[in-house]
Amino acid sequence: MPGTVEPIRKERLDKFLFFSRAIKSRTLAQKVIETGAIRVNSERTIRSDLKVGAGDVLTMTLHERIVVWRILDCGARRGPAPQAQALYEDLSPPSLPKSELSPYEAAIAPRGDGAGRPTKKERRETDKLRGDDE
């Protein structure tokens, strides 16, 4: 019918976090939500069944970084990364420059997998392969 407005589609918060690839699984998303680490429109929530939709703003801490997203669409499934990135607008503040980090944080250099010295666990596994168990 002309002139009718479709209602804004809403989705469960845990499903949206899963569809948007913010968190790897719905179960993990539920656990993160239950810790109170996510705010919806500046209100802390512990309900994973809270309905969110276009226009809602999520504020969360992921990977030791503050992330702020405005939801553009709920999505219908967990698709590829480019499709997931189209579900939200990233409003996150830029990360701190190295000069503003604490001396401890500034001293830690990023290290890729397999680069640098092995960890103690990796050394033990190597020793076990060689048969150097003492």
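Labelled according to an unreviewed UniProt entry, the protein appears under the name Ribosome-associated heat shock protein Hsp15, originating from Devosia psychrophila.

Engineer: Could you clarify how one ought to interpret the sheet that holds strand E5 (residues 57-62) in this entry?
Structural biologist: What links the strands of a sheet is backbone hydrogen bonding, and the strands pair in either a parallel or an antiparallel sense. Read across the sheet, five strands follow the order E3-E2-E5-E6-E7 without closing on themselves; strand pairing throughout is antiparallel. Each edge of the open sheet is held by one strand with a lone partner, namely strand E3 (43-45) and strand E7 (88-90). On average, each strand axis in the sheet is tilted by 30° relative to the strand beside it, whichever way the strands run. In the sheet, E5 pairs with strand E6 (residues 65-71) via six bridges, with the strands oriented antiparallel. Looking at the pairing, leucine 62 lines up with arginine 65 of E6.

Engineer: How do you make sense of unusual backbone geometry when you look at a structure like this?
Structural biologist: The phi torsion of most residues other than glycine is negative, and most of the peptide bonds are trans. Unusually for a residue other than glycine, asparagine 41 sits at a positive phi of about 50°. Following the sequence through the fold, asparagine 41 ends up in the loop between strand E2 (38-40) and E3. According to the relative accessible area criterion, asparagine 41 is partly exposed, its value standing at 39%. Even without being glycine, serine 42 reaches a positive phi, approximately 70°. Among the structural elements, serine 42 can be located in the loop between E2 and E3. Relative accessible area serves as the criterion here: at 58%, serine 42 is assigned to the exposed category.

Engineer: I keep staring at the environment of tyrosine 88 and nothing clicks. Help me out?
Structural biologist: Relative to the helices and strands, tyrosine 88 resides in strand E7. Residue tyrosine 88 is classed as buried on the basis of its relative accessible area, which comes to 15%. In the structure, tyrosine 88 is positioned 20 residues away from valine 68 in sequence and 9.6 Å away in space, judged by C-alpha atoms. Residues in contact with tyrosine 88, not counting those within four places in the same chain, are Phe16, Ser20, Trp69, Arg70, Ile71 and Leu72.

What counts, and where the lines are drawn
Residues numbered from 1 in each chain as written. Predicted model: local features only at pLDDT ≥ 70, side-chain atom pairs only at ≥ 80, totals over all residues. Heavy atoms only, no water. Pairing = 2+ DSSP bridges. Helix = DSSP H or I, 4+ residues; strand = E, 2+ residues; numbered from the N terminus. Axes fitted to C-alpha atoms, helices over the stretch in contact; angles between N-to-C directions. Buried < 20%, exposed > 50% of the residue type's maximum accessible area, 1.4 Å probe, protein only. Contact = heavy atoms within 4.5 Å.

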